[in-house]
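Observations on chain architecture
Residue-level listing of the chains:
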Amino acid sequence: MSFRTLTGLILAAALAGPLGVTGAGAQPDAPPVTGPRVLESQKPASADRLPAKLVRLASLLGRDGDVRIVAFGSSSTEGAGASSPATAYPALLERDLEERLQIGASSRRSITVINRGKGGDTSEAMARRLERDVLAERPDLVVWQTGSNDPLAGVPLERFVELTRAGILAIRATGADVVLMDQQWCQRLTGVQGAERYGEALHALAAELGVPVIRRRALMQSWVTHGLMTPAQMIGPDGLHMTDAGYRQLARAAAAQILVGAGLIQPSLARN
């Protein structure tokens, strides 16, 4: 059976009936790090590489070649609130990973981050376009931002979990790695009853399936707590979408989390 057939069956099963979710927990966040010399110094003396949850990415970063990352999600991925596509988090993530890994014009490796965000998408809408917009790109890693629009649109929690699980399995069936990104911390979501349950369910599903999570909500709260920026500097006037400054911080945290998942920096350093 081909990967494409298998992924189609996984998604079809999700569309046909409910699936449960068990477990709880979340993965650590990661702060900015500098280039490869810092990465080398953080390796344990007894091993060449730390344990990696993003096995495919770890393998690719261990040699020359191209790495394709698809940033999948809704308006936060598309870049709503950013002043230009270049200041949306996927473009900044590509730049940050290149800087951290010291990838330049003369390098024999490359990092490409493809923006596949679409404003307003719920888990239902993302499931419908997963094959066309994500799997067809043959990514090595998918960073999937989800869980914000579902409570706003009234998608049942069980349906959100069901479709997210099916999507993760479909992506993994192609051999690609997956990282999830949870909800933003913002006034619009705080005012929706039960919205936090979607974030909790995402983390429980991630723990069950061993998927790293970029804990955006907790990160944003910590940025305010530590005086890095105010809520108004992170979130625009609509009370929902991030600003250029917010996306910049998010891209840095996402890049570091990805390097933690690839076994290139210590989880103990994954604090923000």
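Residues numbered from 1 in each chain as written. Predicted model: local features only at pLDDT ≥ 70, side-chain atom pairs only at ≥ 80, totals over all residues. Heavy atoms only, no water.

An unreviewed UniProt entry lists the chain under the name SGNH/GDSL hydrolase family protein, with Methylorubrum podarium given as the organism.

Before going further, it helps to spend a moment on the sheet that holds strand S3 (residues 141–145). Ordered in space as S2-S1-S3-S4-S5, the 5 strands form an open sheet in which the pairing is parallel. The two strands at the open ends of the sheet, each matched to only one other strand, are strand S2 (109–117) and strand S5 (213–214). In this sheet, S5 lies alongside strand S4 (residues 177–181) in parallel orientation, the contact comprising 2 bridges. What sits directly across from Met 181, in S5, is Ile 214. (Pairing = 2+ DSSP bridges. Helix = DSSP H or I, 4+ residues; strand = E, 2+ residues; numbered from the N terminus.)

This part is about the packing of aromatic side chains. Here the structure, examined in full by the defined rule, presents 2 aromatic pairs. Ring centres 5.4 Å apart and planes at 35 degrees place the aromatic pair Phe 72 and Trp 144 in the tilted group. Remark: Trp 144 occurs in strand S3 and Phe 72 occurs in strand S1 (residues 65–73); sequence separation between them is 72 residues. According to the relative accessible area criterion, Phe 72 is buried, its value standing at 0%. (Phe/Tyr/Trp six-rings, centres within 6.5 Å; stacked < 30°, edge-to-face > 60°. Buried < 20%, exposed > 50% of the residue type's maximum accessible area, 1.4 Å probe, protein only.)

For the rest of this paragraph, the subject is the environment of Val 142. For Val 142, the location among the structural elements is in strand S3. A residue is classified by how much of its surface remains accessible, and Val 142, at 0% relative accessible area, is buried. For the pair Val 142 and Ala 71, spaced 71 residues apart in sequence, the C-alpha separation works out to 6.0 Å. Ignoring anything within four residues of it in the chain, the contact list for Val 142 reads Val 70, Phe 72, Val 134, Ile 171, Asp 177, Val 178 and Val 179. (Contact = heavy atoms within 4.5 Å.)

Turning to the packing of helix H5 (residues 89–100) against helix H13 (residues 244–261), a few remarks are in order. In the contact formed by H5 and H13, the axes pass within 8 Å of each other and the chain directions differ by 50 degrees. Overall, the two elements H5 and H13 adopt an arrangement that is oblique. Of the two possible hands of crossing, H5 and H13 adopt the one that is right-handed. Between H5 and H13, the contacting residues are Tyr 89, Leu 92, Leu 93, Asp 96, Leu 97 and Arg 100 on the first element and Tyr 247, Arg 248, Leu 250, Ala 251, Arg 252, Ala 254, Ala 255, Ala 256, Ile 258 and Leu 259 on the second. Of the residues assigned to the contact of H5 with H13, the class counts are 12 nonpolar, no polar and 4 charged. (Axes fitted to C-alpha atoms, helices over the stretch in contact; angles between N-to-C directions. Parallel < 35°, antiparallel > 145°, perpendicular 65-115°, else oblique. Left-handed = near helix turned anticlockwise from the far one by under 90°. Nonpolar A, V, L, I, M, F, W, Y, C, P; charged D, E, K, R; others polar.)

Another point: the pattern of salt bridges. Between side chains of opposite charge, pairing is possible as soon as their charged atoms come close. Taken as a whole, this structure holds 11 salt bridges when the rule is applied. Close ionic contact of Arg 129 with Asp 121 constitutes a salt bridge, the shortest N to O distance being 2.5 Å. The pair formed by Arg 129 and Asp 121 is uniform in burial state, with each residue classed as buried. Across the pair Asp 133 and Arg 129 runs a salt bridge, and its minimum N-O distance is 2.9 Å. Of this pair, Asp 133 and Arg 129 both sit in helix H6 (residues 123–133), 4 residues apart, roughly one helical turn. Like Asp 133, the residue Arg 129 is buried in the burial classification. Here the salt bridges share partners, and the residues they tie into one network are Asp 121, Arg 129, Arg 132 and Asp 133. (Salt bridge = Lys/Arg side-chain N within 4 Å of Asp/Glu carboxyl O.)

With that settled, consider H13. Taking 1.5 Å per residue as the helical rise, H13 with its 18 residues ought to reach 26 Å, and the 26 Å between its terminal C-alpha atoms agrees with that figure. Counting buried residues in H13 gives 15 out of 18 residues, a clear majority hidden from the surface. Looking one or two residues past H13, Gly 263 carries a phi angle of roughly 80 degrees, positive in sign. (Expected span 1.5 Å × (residues − 1).)

Counting 46 residues, the largest nonpolar core has Leu 61 and Ile 111 as its most contacted members. Among the elements of the structure, helix H3 (55–61), S1, H5, S2, S3, S4, helix H11 (216–225) and H13 are those that each provide at least two residues to this core. In this structure Ile 111 touches Leu 61, Val 67, Ile 69, Glu 94, Leu 97, Glu 98, Leu 101 and Ile 103, once residues within four positions along its chain are discounted. Counting residues in each nonpolar core, the second largest holds 26 residues, with Ile 114, Val 142, Leu 157 and Ala 201 among its members. (Core = buried A, V, L, I, M, F, W, Y, C linked by side-chain atoms within 4.5 Å.)

When you tally the buried positions in S3, you get 5 out of 5 residues, the bulk of the element. The side-chain alternation of S3 yields two buried faces, one formed by Leu 141, Val 143 and Gln 145 and the other by Val 142 and Trp 144. Note: S3 against S4, 5 bridges, orientation parallel. Across the sheet, Leu 141 pairs through a bridge with Asp 177, a residue of S4.

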